[in-house]
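An overview of the molecular structure
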Amino acid sequence: MDPVLNRYQRARIKVREKRSQWKRSLYNAGDLVAFMGRFFREVWKPPYEWREVLYQCYLVGYKSTFLIGLTGFIMGVVLTIQSRPAMAQFGAISLIPGMISVSVVREIGPVITAIICAGKAGSRMGAELGSMRVSEQIDAMEVSAINPYRYLVVTRTLATTLMVPLLAIFADLIALFGGYVAMNIHDTMTLQHFFIKAMAHLEFIDVFPALVKTFFFGYFIGIIGCYKGYNARRGTESVGIAANSAVVAALLAVFVIDLIAAQITDLL
Amino acid sequence: MRENQPYEPGEPESPYTGEGNPGEGNPNEGNPREGNPGEGNPGEGNPAEECSSAEAREIAGENPEAPTGDDEDIGPVTEKSEAELLAERLERQDVADEQAESIRRAEEELQKELAKQGAEPVVNIRGLRKAFGEHEVLRGVDLHVNKGENLVILGKSGTGKSVLIKCLVGLEWPDEGEICVFGKDVSRLNYAELNESRLRTGFLFQNAALYDSMTVRENLLFPLRQHKKDMTREKKQALIMEMLDNVGLAESMDQLPSRLSGGQSKRIGLARTLILRPELMLYDEPTTGLDTGTGKEISELMIRMKKKYNISSITITHDMPCAKMTADRIIMLREGVVVAEGTYEELERSEDEWIRSFFH
């Protein structure tokens, strides 16, 4: 800042900068909302890019199974080991499977899955579309009269919306299995017995809202990743920025949705 | 050759700026063939048909300020009878109608003749202005491209050449001006109409913009899959082969773009663009970043494709050998305005130092 400016002038410039930042933030928020809304208009219109949707499902779903499975297993083991001493104090070791199943199905499974997908799929989408924007591949689609939004954004967002719930179910099952393994470190319990006890504590109100919120997680991870990449500025630096901000914004969205879902579930 | 005529609104500087709007001055001054019939602009239709009665009389050589026969004060009916005066008036009107009709017929003939010669402009830009924030990139550009013609746009970096051709396909939107491509103003088209126009226009990007997750074959197949749904698989394959043969890269069919050299990428980009058989090609610096030999090959390929498919084109380049080989006409952009127009030879002999600096 120019040192010749007096305090008043500097303050005025700061206020103006803040105001323009706010304006920009509001503009970006409005742009994101319009971008998200466009998905619901475009998703019904032919031509349907099933091949691309399947390919994206393969990338989001199949390619993440190992990572999500491993994380779910570790979470199940850790949860069991951590909660065992407290439960033992109350002589409630037999309740551990039920406690694990409720906490995993309601919260840990969906959130862990969403976090991993935001990091893996969200950043990939941000970087991929950002690089396509920078290298004018998106422009090339437009000038060939191909709707890049439909081909790139709709397919990817559909893939995450469909895959995150499936991955969350997979993560739940693996986490329960991890809990079973951890239970057997100190106690002896058959797999069948563990799962019967775990399922006995689960109710519809535990499963259904958790499943519904994973669709929202998937949608937001996909659309935010695509938005950041699709609107990347020119220059290679913007690809990194797009990938980075896609993860940050998607994670933030996941936690906000989780909070809203918890409040809604509480009301039911 | 045309030199140094910065755009002034309202001042016709080329045959395409002094449009034949019957409401403005002498209709004979305007160029009626620039019109875009069917678009509802009264200035673009047939002047003789759309003129008011005063203008019709003006066309017929009469004084428009003179009173018409209807309100003419004929004074006391002494020397000529009323019937004789009526006959005279009708005769005058017949002559005017006849003259207007003959003008209209002549215009039609001219338009037919121009269409026959292929001189009908494929692209017609008038008063194009575009700014990015405070920076005004294009400041009233006028140009036209005739059918089958290759127009080369020369100018230093940052003079808005790429922005200009991006406006033709709706990648950028003009702030002011008219961009007629195939007779339709691109900036006023809806998305479906714009896509129709885009299908008739090919765009070769500076870096070829090949889809890097697809092989060369898939790159060429992609537009066909989107737009030629009725085409059989065999026909699509045959078309891909034809296009790759055209650019001499049939053997690279299963390679990924990352494995191709700069020149090969450009050629595949050209093949991908040509596969939809565009009538207009826009080349954004087709030889930039290539060695002299490869640049020459690309220029030759452009000429070959132009002849084979009778394509009109606009080429943006800094590469003078490319401009010399491919240009039918050259325009020079300086600070967002067209400063010179002519053939390569004409501009090479220019007395303007700035223009000559490109050629020597």
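The sections below set out a description of the structure shown in this document. Counting from 1, residues in each chain are numbered in the order their sequence is written. Chain letters start at A and ligand numbers start at 1, both assigned in the order the entries are written. Given that this is a predicted model, residues contribute local features only at a pLDDT of at least 70 and side-chain atom pairs are listed and counted only at 80 or more, while totals for whole chains, interfaces and linings are drawn from all residues. Values reported for side chains reflect all heavy atoms of the structure, with hydrogen atoms and water molecules removed beforehand.

**Let's talk about the packing of helix α3 (residues 65–89) of chain A against helix α6 (residues 148–186) of chain A**
Residues and elements named next belong to chain A. Look at α3 against α6: their axes get within 7 Å of each other, and the N-to-C directions meet at 40°. Taken together, the axes of α3 and α6 lie oblique to each other. As for how α3 packs across α6, the hand of that crossing is right-handed. Just so you know the grouping, Ala, Val, Leu, Ile, Met, Phe, Trp, Tyr, Cys and Pro go in nonpolar, Asp, Glu, Lys and Arg go in charged, and all remaining residues, Gly too, go in polar. Of the residues in the contact of α3 with α6, the class split is 14 nonpolar, eight polar and one charged. For helices, the fitted axis covers only the stretch in contact; all axes are lines through C-alpha atoms, and the angles between them, taken along N-to-C directions, range from 0 to 180 degrees. Where helices and strands are cited, they refer to DSSP runs of H or I of at least four residues and of E of at least two residues respectively, numbered from the N terminus. With respect to orientation, any angle under 35 degrees is reported as roughly parallel, any angle over 145 as roughly antiparallel, any angle of 65 to 115 as roughly perpendicular, and every other angle as oblique. Should the near helix be turned counterclockwise from the far one by less than a right angle, the crossing is left-handed, whereas a clockwise turn marks it as right-handed.

**Here's the deal with empty space enclosed by the protein**
In this approach a probe as big as a water molecule rolls over the atoms, and the regions it shows empty are the leftover space. A 1.4 Å probe that fits but cannot get out identifies a cavity on a 1 Å grid over protein atoms alone, an open set with protein on both sides within 12 Å along at least five of seven lines counts as a pocket, and a residue lines either if it has an atom within 4 Å of a point. Grid points are joined across faces, edges and corners, and a volume is the space filled by probe spheres set on the points. Here the structure, examined in full by the defined rule, presents four cavities of 30 Å³ or more. Here the largest cavity defines a volume of roughly 130 Å³. When contributions to the lining of the largest cavity are tallied by element, the ones reaching two or more residues are α5 (137–143) of chain A together with α5 (191–199), β7 (201–204) and α8 (262–274) of chain B. Tallying contributions element by element places β7(B) first for the lining of the largest cavity, with three residues.

**Here's the deal with a positive patch on the surface**
Residues and elements named next belong to chain A. Only residues whose relative accessible area exceeds 30% and that form no salt bridge are eligible for patches; like-charged ones are grouped when within 9 Å, while nonpolar side chains (Val, Leu, Ile, Met, Phe, Trp, Tyr) are grouped when within 5 Å. Using a 1.4 Å probe, the Shrake-Rupley method yields the accessible areas, and only the shown protein chains count as cover for residues. Salt bridge, as applied in this entry: a Lys or Arg side-chain nitrogen positioned within 4 Å of an Asp or Glu carboxyl oxygen. Here the positive residues are Lys and Arg and the negative ones are Asp and Glu; neither His nor the chain ends is included. Taken as the charge centre is NZ of Lys, CZ of Arg, CG of Asp or CD of Glu, depending on the residue. Together, Arg7, Arg10, Lys14 and Lys18 make up a region of like positive charge exposed at the surface. Relative to the helices and strands, Arg7 is located in helix α1 (residues 7–42). The exposure class of Arg7 is exposed, given its relative accessible area of 73%. Think of it in three bands: residues with accessible area under 20% of the maximum for their type are buried, residues over 50% are exposed, and the middle band is partly exposed, with areas taken using a 1.4 Å probe on protein chains only.

**A short note on the interface of chain A and chain B**
Opposite the 18 residues of chain A that make contact, chain B presents 25 residues. Accessible area that two parts lose when put together, with a 1.4 Å probe and added across both, is what the buried area reports. Here chain A meets chain B over a buried area of about 1800 Å², counting both sides, of which 53% is carbon and sulfur. Across the chain A-chain B interface, the total number found is two salt bridges. Between Arg198(B) and Glu142(A) there is a salt bridge, and its shortest N-O distance comes to 3.5 Å. Counting only elements with at least two residues in the side of chain A that touches chain B, the list comes to α5 and α6 of chain A. The leading source of residues in the side of chain A that touches chain B is α5(A), at six residues. Of the residues contributing to the side of chain A that touches chain B, the split by class is eight nonpolar, five polar and five charged. We call two residues in contact whenever any of their non-hydrogen atoms come within 4.5 Å of each other.

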